[in-house]
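Descriptive structure summary
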Amino acid sequence: MVRRPSRLLLTLALAVPGAAPGGVLHLDTTPATHVLFLDLLEVENLENAELVVEAAAKHPASPVLPLGDLYDWDALQARPWGGTLLYDREERLFKCWYVGIGHSRDLRDLRGGYATSRDGIAWEKPRLGLHEFGGGRDNNIVHPSGDLRVVKDPAEPDPTRRYQMLSARAGTAGKFGETYFPFYSSDGIHWTPGPDVQISPHIEIHQILFDPLERDPRRRIKTYGKLGKQKASKPGPAVVRKIAVGLGPDIEHQEPSPANPILDPDDGLEHELHFASVFPYRGYYLMLYNYNRYADYHDQGLWGRFVGDVRLAVSRDGEHFRRVNAHQPVIRRGERGTWDSGFLVMANAVDHDGRVYLYYSAGDESWGSWPADNAKPGRPTTRTLGGFSRSAQMGLALLPADGFTHLRARDGYGPGIATTVPIEVRDPARASLRLALGGGMPYRNWVEVEVLDAATGRPLPGFTRTDCVDLAGDGASLPVEWAGGRTTLADVGVPTIRLRFHLFGEARLRSFHFAGPP
């Protein structure tokens with residue numbers, strides 16, 4: 001049994017979902033409480049229960065963004081690695097600013113393209129007529145640089161600055177992490193340059209985030225990326241990459257966090273961390289990071305072949321992260337012979353239509369572009385052409401709502417038991433407990449819930465486990481019911497409760513929250 005001290009009065013030096021002023025973790029029975037099982041701060045103990053990171057289901061249409069024809073500018077690579085993907089809720093349109101390269105295999109030929117999709121699966125490349133390639137402008141090139149970190153700010157009062165981008169200017173492709181230039185646009189297609197901006201120490205930016213959870217206007221914009229040439233502390237390359245963040249009031253004024261690196265391979269199982277994408281979700285900051293190792297491929301460089309997948313970390317303030325089950329991928333690399341069998345680079349996550357869309361870039365095992373000093377003595381390095389002579393495309397993987405992790409019975413039979421920290425009872429007559437469940441099956445995989453008096457730890461009359469109607473379905477908001485038709489907490493009669501979940505079979509408990517009466 002895993003026991004944790006009560007955290008009702010736990011003071012945290014970071015912003016917690018449902019936190020009171022001062023950072024005290026506070027849960028109550030209002031819709032403000034929506035608990036995912038990530039760092040388990042809301043869980044007091046577990047018995048015969050375990051936390052599992054769910055593996056996202058790769059969409060069968062992947063890779064979803066097609067390559068160009070043989071002589072097109074994006075004939076070899078069309079991938080959001082170096083770009084951005086978002087869902088525009090105003091226009092009900094998925095938009096992707098992606099990086100492409102043709103068969104020239106010359107880094108100077110990296111360009112930025114634009115594609116759109118109504119459903120996030122079938123993508124179109126509009127003919128923009130903006131930039132010349134191959135003697136004409138009949139293409140979808142949106143920017144001359146293969147470096148497009150884009151964000152849309154619907155609250156921006158100046159419509160000409162609604163879309164914002166940090167990128168390189170023409171002629172600077174390949175000089176990543178040195179100087180970034182801001183660009184502004186009213187439509188995400190026609191861009192006007194702003195003044196120079198430089199982040200020091202150099203962070204190669206992967207993502208711009210308008211932080212919807214941030215209360216401090218001086219930190220409302222966060223730029224996530226990596227620090228290069230960091231000293232390694234384990235066998236392998238002498239220098240590696242680590243994840244970092246910049247903070248500021250806008251994209252033109254970013255300063256590196258004093259907490260950098262915010263995710264460090266020295267603290268984990270990986271050799272290095274390539275990039276990361278941060279996804280604000282249900283009041284948490286979920287980091288989908290690139291877990292990279294040098295696999296021991298026979299005769300493949302001094303340390304083996306660079307491989308990797310996508311894994312999960314969580315934060316309560318967007319700056320201090322901890323890994324969630326570091327040994328379990330969210331998106332696995334493909335089987336040998338598939339297009340994504342080598343390594344994955346996370347692009348962006350989108351919450352849409354009751355599911356989470358995870359977009360990533362990938363290449364197969366033929367990639368071998370770094371590090372340059374991985375070559376064995378007497379053999380030429382493949383740094384220049386090893387990767388950029390290989391194909392790379394965009395994949396899509398899907399998770400159900402709240403489906404990043406779940407609790408389950410450790411032995412597959414149960415009961416597995418999870419007990420929460422104390423929860424303040426507010427507006428009990430309107431407090432309906434809802435669960436996100438997966439794998440439900442009557443008489444085989446189900447969940448029972450009992451309500452405890454937080455002061456005594458005893459089950460409350462009418463809200464015991466035996467009073468609970470078994471939950472054996474699948475869904476993101478299944479209402480809990482107890483004997484006598486109780487669907488709210490109107491009769492609990494105490495000021496503070498704990499919830500105790502009993503998990504049977506292979507039922508997956510993904511989250512709980514409170515809503516109005518069903």
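About the criteria used
- Residues numbered from 1 in each chain as written.
- Predicted model: local features only at pLDDT ≥ 70, side-chain atom pairs only at ≥ 80, totals over all residues.
- Heavy atoms only, no water.
- Helix = DSSP H or I, 4+ residues; strand = E, 2+ residues; numbered from the N terminus.
- Buried < 20%, exposed > 50% of the residue type's maximum accessible area, 1.4 Å probe, protein only.
- Contact = heavy atoms within 4.5 Å.
- Areas by Shrake-Rupley, 256 points an atom, 1.4 Å probe, with all protein chains shown as cover.
- Pairing = 2+ DSSP bridges.
- Axes fitted to C-alpha atoms, helices over the stretch in contact; angles between N-to-C directions.
- pLDDT = per-residue confidence, 0-100.
- Core = buried A, V, L, I, M, F, W, Y, C linked by side-chain atoms within 4.5 Å.
- Phe/Tyr/Trp six-rings, centres within 6.5 Å; stacked < 30°, edge-to-face > 60°.
- Polar contact = N/O pair within 3.5 Å; in protein donor to acceptor, adjacent residues only side chain to side chain.

**Here's the deal with the overall build of the protein chain**
- If you tally the helices and strands in the protein chain, you get zero helices and 32 strands.
- Burial statistics for the protein chain: of 518 residues in total, 58% are counted as buried.
- Residue pairs at least 24 apart in sequence account for 65% of intrachain contacts in the protein chain once pairs closer than 6 positions are excluded.
- For the protein chain, the computed accessible surface area is about 21,100 Å², with 50% contributed by carbon and sulfur atoms.

**Focus: the sheet that holds strand β15 (residues 221–231)**
- Spatially, the four strands line up as an open sheet ordered β14-β15-β16-β17, and their pairing is antiparallel. Looking at strand neighbours, the two that pair on one side only are β14 (204–210) and β17 (253–256), the edges of this open sheet. Recorded for the sheet is a direction-independent mean angle of 30° between the axes of neighbouring strands.

**A few points about the confidence of the model for the protein chain**
- In this model, the protein chain carries an average pLDDT of 89, and 87% of its residues clear a pLDDT of 70 or more.
- Long-range and interchain partners of residues 2–22, a stretch whose pLDDT sits below 50, account for 52 contacts in this model, where long-range means more than four residues apart.
- For the stretch residues 381–385, pLDDT sits under 50, and the model shows nine contacts to residues farther than four places along the chain or on other chains.

**Brief notes about the nonpolar core**
- Ranked by size, the top nonpolar core spans 65 residues in total, and within it Ile331, Leu358, Phe404, Leu435 and Phe512 carry the most contacts.
- The contacts of phenylalanine 512, once residues within four sequence positions are left out, are Thr33, His34, Val35, Phe37, Thr420, Ile423, Leu433, Arg434, Leu435, Leu499 and Phe501.
- The next biggest cluster of nonpolar side chains, apart from the first, holds 19 residues, and it includes Ala78, Leu85, Cys96 and Trp123.

**Some details on the packing of aromatic side chains**
- Using the criterion set out here, one finds 22 aromatic pairs in the structure.
- For the pair tyrosine 281 and phenylalanine 404, a centre-to-centre distance of 5.7 Å together with 65° between the ring planes defines the contact as edge-to-face. Residue tyrosine 281 is located in strand β18 (residues 272–281), and its partner phenylalanine 404 is located in the loop between β24 (393–400) and β25 (405–409); the two are separated by 123 residues in the primary sequence. As far as the burial class goes, tyrosine 281 and phenylalanine 404 line up, both buried.
- Arranged with centres 6.3 Å apart and planes meeting at 85°, the rings of phenylalanine 512 and phenylalanine 514 form a pair that is edge-to-face. An identical accessibility class is assigned to phenylalanine 512 and phenylalanine 514; each is buried.
- What links up through ring pairs into an aromatic cluster is the set Tyr87, Phe94, Trp123, Tyr357 and Tyr359.

**Let's talk about the environment of glutamate 54**
- By the element assignment, glutamate 54 lies in the loop between β4 (49–53) and β5 (57–58).
- For the pair glutamate 54 and valine 330, spaced 276 residues apart in sequence, the C-alpha to C-alpha distance is 6.1 Å.
- When sequence neighbours within four positions are dropped, the list of residues in contact with glutamate 54 reads Pro329, Val330, Leu399, Pro400, Gly403, Phe404, Thr405, His406, Arg508 and Arg510.

**Topic: the pairing of strand β7 (residues 93–101)**
- Most of β7 is tucked away: nine of the nine residues are buried.
- With burial as the criterion, each face of β7 is covered, one bearing Leu93, Lys95, Trp97, Val99 and Ile101 and the other bearing Phe94, Cys96, Tyr98 and Gly100.
- Where strand β6 (residues 77–88) meets β7, eight bridges bridge the pair, whose relative direction is antiparallel. Looking across to β7, one finds that threonine 84 is bridged to tryptophan 97.
- Taking the residues between adjacent antiparallel strands as the criterion, β6 and β7 are bridged by four residues, where arginine 92 takes a positive phi near 55°.
- Of the pairings in the sheet, the one linking β7 to strand β8 (residues 111–117) comprises seven bridges and is antiparallel in character. Bridge assignment links tryptophan 97 to a residue of β8, and that residue is tyrosine 114.

**Things to note about the environment of serine 477**
- Mapped onto the fold, serine 477 is located in strand β30 (residues 475–479).
- Each C-alpha atom of the pair serine 477 and alanine 515 lies 9.0 Å from the other, and the pair is 38 residues apart in sequence.
- If sequence neighbours within four positions are ignored, serine 477 has contacts with Arg434, Leu435 and His513.
- Polar contacts involving the side chain of serine 477 include one to the side chain of arginine 434, which spans 3.3 Å.
- Of the polar contacts made by the side chain of serine 477, one reaches the side chain of histidine 513; its length is 3.3 Å.

**A word on the side chain of arginine 219**
- Of note, arginine 219 is situated in the loop between β14 and β15.
- In this structure, arginine 219 is in contact with Glu214, Leu247, Gly248, Asp317 and Glu319, ignoring residues within four places of it in sequence.

**A word on the sheet that holds β6**
- If you walk across this open sheet you meet the four strands as β6-β7-β8-β9, and the pairing is antiparallel. The open sheet has two edge strands, β6 and β9 (141–143), and neither has a second partner. Strand-to-strand twist in this sheet, taken as the mean axis angle between neighbours without regard to direction, amounts to 35°.

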